[in-house]
Amino acid sequence: MANDTSDLIDTLYEKDNSIQSEHISQQIIRKSPKAKYQIFDESEFTHGREVLGNLIVHGMIASGGTDIDWLIEHKGGFVILEFKGFHNDKINIAKGQMIAYEKLHEKLNQTTKCYLYVVGCDDIDFSNPDSTIWVFEMSQWRDGIIPKNTIDIYSEENKQNKYIVYREYMEEISVEKLRDLVDSHWNEFEKITL
């Protein structure tokens, strides 16, 4: 009888441990606050940007230019992030850049899945998961949820060749929530069959 009781206790204990282990393995644990990607040679990175800046010169008809801050592709799905700094509780987005993002978002969503987020931020530390940022997704822009202001309603400035988006129209989230959002899209793209 003592052996039967001992075997039963061992069996229950091992079963309980395996359930706990299974639960722990399903949780996503951020193992390191260290950035996944780093610029190894900052002077070379800066030099590359300066060289590229000399492509468009005075006397050319073409001007302007912008970049995509972060583009993630996984199994044919895309997450695009554009970061803008707040000035007086508003961000400015060049019209040409926004038109390009609208078209890119539209075309990619015709054949695959694309999420394009505009992220407004103050001078924050992205290594702090609790830092606050503000976001909107391109579908909100295209659906008119985000007003397409070209005149600053709080200023006497004339109409400019940019869109002005006020903080109050963006969703306030933490850096960690943005990380989770990007990871959720990555997991969604895992189901895409090529």
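Residues numbered from 1 in each chain as written. Predicted model: local features only at pLDDT ≥ 70, side-chain atom pairs only at ≥ 80, totals over all residues. Heavy atoms only, no water.

Engineer: Looking at this model, I keep getting lost on the overall build of the protein. Mind explaining?
Structural biologist: For the protein, the helix and strand inventory stands at 5 helices and 7 strands. Order of helices (α) and strands (β) in the protein, N terminus to C terminus: α-α-β-β-β-α-β-β-α-β-β-α. Counting every position in the protein, which comprises 194 residues, the buried fraction comes to 27%. For the protein, the exposed surface amounts to about 13,900 Å²; the carbon and sulfur share of it is 53%. (Helix = DSSP H or I, 4+ residues; strand = E, 2+ residues; numbered from the N terminus. Buried < 20%, exposed > 50% of the residue type's maximum accessible area, 1.4 Å probe, protein only. Areas by Shrake-Rupley, 256 points an atom, 1.4 Å probe, with all protein chains shown as cover.)

Engineer: I keep staring at the nonpolar core and nothing clicks. Help me out?
Structural biologist: Within soluble globular proteins, side chains that are nonpolar generally end up buried alongside one another. Among the nonpolar cores identified, the biggest contains 19 residues, and Ile91, Met98, Phe136, Trp141 and Val165 are the most heavily contacted of them. Of all the secondary structure elements, the ones that give two or more residues to this core are strand S2 (77-85), strand S3 (90-94), helix H3 (95-111), strand S4 (114-121), strand S5 (132-137), helix H4 (138-142) and strand S6 (162-166). Sequence-distant contacts of Trp141, that is, excluding residues within four places in its chain, are made with Met98, Glu102, Phe136, Ile146, Pro147, Lys148, Tyr163 and Val165. Judged by nonpolar contacts, the second largest core, of 14 residues, contains Tyr115, Tyr117, Cys121 and Ile133. (Core = buried A, V, L, I, M, F, W, Y, C linked by side-chain atoms within 4.5 Å. Contact = heavy atoms within 4.5 Å.)

Engineer: How should I be thinking about the pattern of salt bridges in this particular structure?
Structural biologist: Side-chain pairs of opposite charge can arise where the charged atoms are in close proximity. Under the counting rule described, the total for this entry stands at 7 salt bridges. Across the salt bridge formed by Glu82 and Lys84, the nearest N and O atoms sit 3.5 Å from each other. What makes Glu82 buried here is its relative accessible area of 3%. In this structure, Arg167 engages Asp89 in a salt bridge whose closest nitrogen and oxygen atoms are separated by 2.7 Å. Taken together, the positions of Arg167 in the loop between S6 and strand S7 (171-174) and Asp89 in the loop between S2 and S3 put the pair 78 residues apart, joining distant regions of the chain. (Salt bridge = Lys/Arg side-chain N within 4 Å of Asp/Glu carboxyl O.)

Engineer: Would you take a moment to explain a nonpolar patch on the surface for this structure?
Structural biologist: A contiguous nonpolar patch, built from Leu52, Leu55, Ile56, Val57 and Met60 and spanning about 460 Å² of accessible area, is present on the exposed surface. Within the fold, Ile56 resides in the loop between helix H2 (42-53) and strand S1 (70-74). (Patch = residues over 30% accessible without salt bridge, like charges linked within 9 Å, V, L, I, M, F, W, Y side chains within 5 Å.)

Engineer: Even after reading the chapter, I still don't get the environment of Glu102, so can you show me in this structure?
Structural biologist: With respect to the helices, strands and loops of the structure, Glu102 is situated in helix H3. With 40 residues separating them in the primary sequence, Glu102 and Arg142 have C-alpha atoms 7.3 Å apart. Non-local contacts of Glu102, meaning those with residues more than four positions away in its chain, are made with Met138, Trp141, Arg142 and Lys148.

Engineer: Help me understand the packing of aromatic side chains in this model?
Structural biologist: When we look at a pair of aromatic rings, we describe it by the centre distance and by the angle of the planes. Applying the stated criterion to the full structure yields 5 aromatic pairs. Judged by centre distance (5.7 Å) and plane angle (85°), the ring pair of Phe83 and Phe126 falls under edge-to-face. Linking Phe83 in strand S2 with Phe126 in the loop between S4 and S5, this pair joins segments that are 43 residues apart in sequence. A residue is classified by how much of its surface remains accessible, and Phe126, at 35% relative accessible area, is partly exposed. Clustering of aromatic rings is evident, with ring pairs tying together Phe136, Trp141 and Tyr163. A cation over an aromatic ring shows up here: Arg167 above the ring of Phe86, its NZ or CZ 3.8 Å from the ring centre. Over the ring of Trp134 we find Arg167, and its NZ or CZ is 4.3 Å from the ring centre. (Phe/Tyr/Trp six-rings, centres within 6.5 Å; stacked < 30°, edge-to-face > 60°. Lys NZ or Arg CZ within 6 Å of the ring centre and 35° of its normal.)

Engineer: Explanation requested: helix H5 (residues 175-190) in the structure shown.
Structural biologist: For an α-helix, the turn length of 3.6 residues means that residues three or four places apart are oriented alike. Between the first and last C-alpha of H5 there are 23 Å, a value that for 16 residues agrees with the 22 Å anticipated at 1.5 Å per step. Listed in full, the buried residues belonging to H5 are Val175, Leu178, Val182, His185 and Phe189. End-on view of H5: buried residues confined to an arc of 85°, all on one side of the axis. In the core, the buried residues of H5 are packed alongside S1, S2, S4, S5 and S7. (Expected span 1.5 Å × (residues − 1). Arc of directions from axis to C-beta.)

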